[in-house]
Amino acid sequence: MNLSYSDEQNMLREQVLKFCESDYTFDVREKIVESNYGHNPETWKQFADLGWLAVPFSEENGGFNFGPIELAVIFEEFGKALVAEPYLANVVMSGSVLESSSNELAKQTISKIIDGTTQVSVAFSEANNGYNFHDIETSIEDGKLNGVKTVVLNASFANSFLVYARNGDKPVIYLVDAKEAGVSVNSFSTVDGQNCGDVTFENVEVGESSIISHDNDASQAINAMLDLANLCICAEAVGGMTASYLKTVQYTKEREQFGQPISNFQVLQHKMVDMFMEAEVSKSLLFKAMLQLDGKDDEASKTISGLKAQIGKSSRQVGQAAVQLHGGMGVSDEMSIGHYLKRFTVIDALFGNRNYHLNNFSNL
Amino acid sequence: MNLSYSDEQNMLREQVLKFCESDYTFDVREKIVESNYGHNPETWKQFADLGWLAVPFSEENGGFNFGPIELAVIFEEFGKALVAEPYLANVVMSGSVLESSSNELAKQTISKIIDGTTQVSVAFSEANNGYNFHDIETSIEDGKLNGVKTVVLNASFANSFLVYARNGDKPVIYLVDAKEAGVSVNSFSTVDGQNCGDVTFENVEVGESSIISHDNDASQAINAMLDLANLCICAEAVGGMTASYLKTVQYTKEREQFGQPISNFQVLQHKMVDMFMEAEVSKSLLFKAMLQLDGKDDEASKTISGLKAQIGKSSRQVGQAAVQLHGGMGVSDEMSIGHYLKRFTVIDALFGNRNYHLNNFSNL
Amino acid sequence: MDINFSDADNQFRQEVKDYLENKYPKHVKEKQNNGEQLTKQDMIDYHKSLYEQGWAGYNWPVEYGGTGWSPTQIYIFQEELGYANTPTILPFGLNMVGPVIYTFGNEEQKKKFLPDILEFNTWWCQGYSEPGSGSDLASLKTKAVRDGDHYIVNGSKTWTTLAQNADWIFCLVRTETTQKKQEGISFLLIDMKTEGIEVKPIITIDGDHEVNSVFFTDVKVPAENLIGEEGKGWTYAKFLLAHERFGIAGVPNQKYSLKLLKERTKDFADDDLKKKIADYEIELLALEFTELRTLAALANGGHPGAESSIIKIKGTELQQRLTEMYVEAAGQYILPYEGPEGFNSNNTPASNVSDFSSQAVSRYLNFRKTSIYGGSNEIQKNIIAKAILGV
Amino acid sequence: MDINFSDADNQFRQEVKDYLENKYPKHVKEKQNNGEQLTKQDMIDYHKSLYEQGWAGYNWPVEYGGTGWSPTQIYIFQEELGYANTPTILPFGLNMVGPVIYTFGNEEQKKKFLPDILEFNTWWCQGYSEPGSGSDLASLKTKAVRDGDHYIVNGSKTWTTLAQNADWIFCLVRTETTQKKQEGISFLLIDMKTEGIEVKPIITIDGDHEVNSVFFTDVKVPAENLIGEEGKGWTYAKFLLAHERFGIAGVPNQKYSLKLLKERTKDFADDDLKKKIADYEIELLALEFTELRTLAALANGGHPGAESSIIKIKGTELQQRLTEMYVEAAGQYILPYEGPEGFNSNNTPASNVSDFSSQAVSRYLNFRKTSIYGGSNEIQKNIIAKAILGV
């Protein structure tokens, strides 16, 4: 057992941190969010140049072959800076599904993701299945794909979709171009300044050649993607919680009321200690989960459910307390502090909320 | 709508309060608890002389015809003074069952309860039915009663038992003398200094003449008893919470640490405010419940479940905080403060705990 | 002591129902039930309809044009309005400055302002908080200097709700710099059309524009708009805050929202949310009876004091819990979000819970303010600790 | 970074299992598994069995007879012991005074005391709290006046755990009255058999006798029993408190209790308790990894400081939650209660959950102390606020 980051991992963290501090200040972030659904092509190009788009892919596919630990390192820093770029949708989620496939189309798509020339979203969720993501109605019949996928992340910019569908009662994942006849995208800004959309497939012609994964492999690919995505957004929340408590401590030291900094008030001190502790124990559980996932431990999925449940509780508490301790400034859109709360709320809602994962943990 | 106590109700409260302050100090109470399972015959005699044993009975039966409001008044004061006498078991629970019956045996028994010459306990709970008190195995066959009742309150002193049993699949309540052949009592002290016991009935001969209630009336009598008993122990808890926060405020004003009374520390102040608020909102709900029960409102049972659930949460919080703020003194047996926590714990466990009543409330 | 309504009460309830059925403006009703945002004119129409009914001063004494209702009647009135999902009655005129004027104002002021408040001819807003003074309200710095028969006001106010619609603002201003900061504060009524006043929007995290900054530059205010005595403003402010806190819990509105939430979740397979709802509902009933107990005490001659702090704290906590449960019920469908006004009809998400979900998250974010404004909940606890527990 | 155990680690785990299988005293095992209270001799037998194995100093450096184990080994050791439901290793000698002696004591003291601590020839207790000084430990008043080569000690200590069994007590005493109360405190080792020491039981709300008052009247203590410098006792006390807090969470014991609770509740129809258990278990895993992270930092040369306060707070909160869930699982069967020792075999309640239930409520009441002792959780938060957050 070894709980220290490697030099390489520390360097990666330094690199992400430095980028966020110099090129992704809150002001920059707000402009991107307001003007373009959280995505800035130039920022994305920087990601590509820094090699970040290659992080989780195998060397065979032109990647760095990094695992959950390195992704968690990146997302923890992203969480601190409220990075809105579609790294989760493209690199983590689509990346995970594509990497699990050995077919040529997958490999070609990966290389285009790595060089930043294409964006791909996994279209798996449907309106009526709650968080039961395998309970799907989108299906293929006579070579034609029909169905509606909801809450597809980064739908505004996706050039193609990895569509989770049924062929009879067998699961299958197709890669479908967004411009294909019969594909229509209805996209929205999300509450946290990114974008998602409903993607409708109406008699879209798909051939054998566009199959990325099928049968058991397909459902396994979705499960593996969900585990990895949950791990990443939990790391992001841990970063956000850390930033939230640090900013709150700073603010209370500066804000004066009753002739003294409000950080002098014991009730506020203890609330900040609670925030700090929630961030720390969440980080501890993140360690366990990322190490288990990295070590392909049988219990990894269970721990990730536990982590997601914990994050749902801790980040809500931290986010709400941060807003409360900032007083009116906490609910003001121009301060970053309220945006952490928004992101925490979205993170809990994504890929199974606290209650869902508490059940999962209990039953696994 | 009128939310003011009547003069008569205020007088009753004054009377109980005065008795507790003069004749039932904590020291007196501790001696009774340690020597005789919470029951002191002399105190009981005082209750009889004061007329308290007649409170809920109809005038026809020699009582004062008081209702849930007056009982709540008494129990609130009992809760403040941690009164351990078997008033709940005898006057409220057995009283409620007997009063619902029109038969002569019931009337005779009531008059003996009123003059303090007999004690009666309702034996309804069984080992394997959890809080589903109508799911019973104790039964009568060929005039012989067989079964085991558990957690019978005041079993040590009961002269007779109101036994909830089945005759075939029909419910029936018998009055059985504790000295009857085949009746055996195994009694224990309870965690809060009173007593309860298992009562075993082995081929006990019971006749028609000992039937207090049968069929639907019998199960209704049990339900009505449970509602009234829950209301009373909730009122007791409200009194206990009030005493707990007042004593805690007092203690923190006297206890010095770091050169000042610990009541100066904001964190402790806010904890005491929380205690106060829990006591107040619980009291509000008690008002609603007792008024609904008094007015025979259809929703009374639901509100009582809500009240019991609320009390389970509030009293635990108040009791734990009181102990915590008393520091080491809080866990010391010689201080009263820890005894409130014990009583709250028992109150939650009796007649359906918080979780049971939360379900009830949700489903009613 | 009894919980029953008298025949007169029941008849009164029927009158309220009749109003809601026949006089409550239809266009307001429709928008409310669809969860659409109301315009300024909608709000005016609604308040005027109450005035026409004679009910605008539902908690005012008869002598100032109020109804003089009993606590029970006020309870019934608010309950029926809540069940009917009417808009919140704006508190700034009716519950805040109005009671201050009829309690501390002079006869001219009563004549000048009270009728317009009741008739909703004037929209009021509240000039209390400043950028530097939030919880520590008494540290406010906006200055009013006496100059002949005028005050010259300079400074700024913030978090001013709906200042963009307001005709008048009531302000706490500093007329003297004193040792004790609570002294030297005065209570001034200012016409928003006066030269030198600038209103700038503050956008909140739900994307909405509800609050504002208000800047005063050499604003000339007639001295006759001073309420009571110069330097005694803090007394009036505290009086007002206790009144403000009192109506803040919004129990009837919460009951309506609860009903919607129950309908939305009744087919949910998991019991967890149902238990949370039950727990919330029980607390709401307890809060309602806490209000009733306080109203009863008031009717017996008491004043809303520190007890109203309980109602503020518990009320806002419950409001916030309710919005959290909405978010939980909405699940991942909180993501599509076009702002507090919701989706336009040409562009709604496929999910059939979209409107519910979008409003859920909007309200969740918006309602974070409730534990901050009107004296933060921490401040309320300080008040209770001092005034009731004596520590 | 990896979570896997090396072959050496796995082999080590097997050694611990072998000890538990073969050397862990059978009579202790039996009582533990039946939930019976252990006698003083049982505790001695258990500790001596660890000594014979060479493991008494499981977290001591090799030079003082410790094992010199890596954090991973300590983790494995504690985990296996916890799963086997062994008694808690008494901290007073091994985790408290021992480290103080080998860190701050002189050579004679090390030679005199350390071997007996390891071999458990001496039972230690802790003389910190006094009736007037709980959280404000430094305000302690027990006096030690130098008189030739002795100190004369007068005063009293309270909440002294298992003083009734103790051979020695380590005390904080005031050797000088100074401006700053933290100065003038000294750290003294006192033989409990010395004349003038009286131990009086304190009964706690669960009816148990675990803690005591200890009174000192003109107690003559050889000056050679002073640890380090006179007046520097506060430094050693803080060092010790950080160590004490570190082991306080009892994660492995909690895991064992959790297992029992899951077995007990697995057929419960209602999901509510299962969810509470899941929530608790997740937090326990988080706590365990917080300990591991801290251990790892320690192994890299750190010292247990304010971080251990997190472990104290979270650890005791979780212990208390666990006892609450036991009480909930027991339902009304917490009522029959004959005291912390349980029922005698001639008189047990009919309910088949009686032993479980009686112990459940006993532990619930007993564990209220955990958030009070060792520096109350409020004090721990003050420490974190100051030392980590810098406020």
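Nothing here was measured: the structure is a model prediction, and the numbers come from that model.

A. Representation of the domain arrangement of chain C. All names here are of chain C. Taken as a whole, chain C is organised into domain 1 (7-89), domain 2 (124-231) and domain 3 (246-389). When each unit is reduced to the centre of its C-alpha atoms, the spacing between domain 1 and domain 3 is 21 Å. With 13 residues of domain 1 at the interface, the matching set in domain 3 holds 11 residues. Interface of domain 1 and domain 3: buried area, both sides summed, is about 1100 Å²; carbon and sulfur atoms make up 58% of it. Here domain 1 and domain 3 share one salt bridge between them. One salt bridge connects Lys255 with Glu79, and the closest N-O pair in it is separated by 3.4 Å. Taken together, domain 1 and domain 3 are joined by five residue pairs in polar contact (both at pLDDT 80 or more). If you tally residues by element for the side of domain 1 that touches domain 3, the top one is helix α4 (residues 71-83), at six residues. Tallied by class, the residues present in the side of domain 1 that touches domain 3 amount to three nonpolar, nine polar and one charged.

B. Seen up close, the nonpolar core. Counting 464 residues, the largest nonpolar core has Tyr87(A), Tyr87(B), Phe187(C) and Phe187(D) as its most contacted members. Not counting chain neighbours up to four residues away, the residues in contact with Phe187(D) comprise Val97(D), Val100(D), Tyr128(D), Phe170(D), Cys171(D), Leu172(D), Asn225(D), Leu226(D), Ile227(D), Gly233(D), Tyr236(D) and Leu240(D).

C. Geometry of the interface of chain B and chain D. In this complex, chain B contributes 48 residues to the contact, which on the side of chain D involves 43 residues. Roughly 3600 Å² is buried in total at the junction of chain B and chain D, and carbon and sulfur atoms are behind 56% of that figure. If you sort the residues of chain B by the area they bury against chain D, Phe258(B), Gln324(B) and Val331(B) come out on top, with a joint share of 17%. Joining chain B to chain D, the criterion identifies 23 residue pairs in polar contact (both at pLDDT 80 or more). Contributions of two or more residues to the side of chain B that touches chain D are made by β3 (144-153), β6 (183-189), β7 (195-205), β9 (256-257), α8 (266-294), α9 (300-325), α10 (337-349) and α11 (354-363) of chain B. At six residues, α10(B) tops the list of elements feeding residues into the side of chain B that touches chain D. Within the side of chain B that touches chain D, the residues separate by chemical class into 19 nonpolar, 21 polar and eight charged.

D. Examining the packing of helix α1 (residues 7-23) of chain D against helix α4 (residues 71-83) of chain D more closely. Residues and elements named next belong to chain D. Two numbers describe how α1 lies on α4: the axes approach to 10 Å, and their chain directions differ by 35°. Crossing of α1 over α4 shows right-handed handedness. Contacts between α1 and α4 involve Asp9, Phe12, Arg13, Val16, Lys17 and Leu20 on the former and, on the latter, Thr72, Gln73, Ile76, Phe77, Glu79, Glu80 and Leu81. For the contact of α1 with α4, a count of residues per class yields six nonpolar, two polar and five charged.

E. The pattern of salt bridges, seen in detail. Counted under the stated rule, the structure contains 73 salt bridges over all chains. Its salt-bridge partner being Glu60(A), residue Lys107(A) comes within 2.9 Å of it at the nearest N-O pair. Taken together, the positions of Lys107(A) in helix α6 (residues 104-114) and Glu60(A) in the loop between α3 (41-49) and α4 (68-81) put the pair 47 residues apart, joining distant regions of the chain. In this structure, Asp279(C) engages Lys313(B) in a salt bridge whose closest nitrogen and oxygen atoms are separated by 3.0 Å. Taken together, the residues Asp279(C) in helix α9 (residues 272-299) and Lys313(B) in helix α9 connect one chain to another. Residues joined by salt bridges that share partners form a network here, namely Glu278(A), Lys313(A), Arg354(A), Asp279(D), Glu283(D), Lys314(D) and Arg321(D).

F. Local environment of helix α8 (residues 251-265) of chain C. Here α8(C) spans 21 Å end to end across 15 residues, near enough to the 21 Å set by a 1.5 Å rise per residue. Where α8(C) is concerned, the buried positions are Val251(C), Pro252(C), Gln254(C), Lys255(C), Tyr256(C), Ser257(C), Leu258(C), Leu261(C) and Thr265(C).

G. Spatial organisation of the interface of chain A and chain C. Each partner contributes to the interface: chain A provides 48 residues, whereas chain C provides 43 residues. In this assembly, chain A packs against chain C so that about 3600 Å² is buried in total across both faces, 56% of it on carbon and sulfur atoms. Taken together, the links from chain A to chain C amount to two salt bridges. The shortest N-O distance in the salt bridge between Lys271(A) and Glu378(C) comes to 2.6 Å. The tally of links from chain A across to chain C stands at 22 residue pairs in polar contact (both at pLDDT 80 or more). Listed by contribution, the elements that provide at least two residues to the side of chain A that touches chain C are β3 (144-153), β6 (183-189), β7 (195-205), β9 (256-257), α8 (266-294), α9 (300-325), α10 (337-349) and α11 (354-363) of chain A.

Parameters at a glance
Residues numbered from 1 in each chain as written. Chains lettered and ligands numbered in written order. Predicted model: local features only at pLDDT ≥ 70, side-chain atom pairs only at ≥ 80, totals over all residues. Heavy atoms only, no water. Domains from an automatic or database assignment. Contact = heavy atoms within 4.5 Å. Buried area = accessible area lost by both parts, 1.4 Å probe. Salt bridge = Lys/Arg side-chain N within 4 Å of Asp/Glu carboxyl O. Polar contact = N/O pair within 3.5 Å; in protein donor to acceptor, adjacent residues only side chain to side chain. Helix = DSSP H or I, 4+ residues; strand = E, 2+ residues; numbered from the N terminus. Nonpolar A, V, L, I, M, F, W, Y, C, P; charged D, E, K, R; others polar. Core = buried A, V, L, I, M, F, W, Y, C linked by side-chain atoms within 4.5 Å. Buried < 20%, exposed > 50% of the residue type's maximum accessible area, 1.4 Å probe, protein only. Axes fitted to C-alpha atoms, helices over the stretch in contact; angles between N-to-C directions. Left-handed = near helix turned anticlockwise from the far one by under 90°. Expected span 1.5 Å × (residues − 1).

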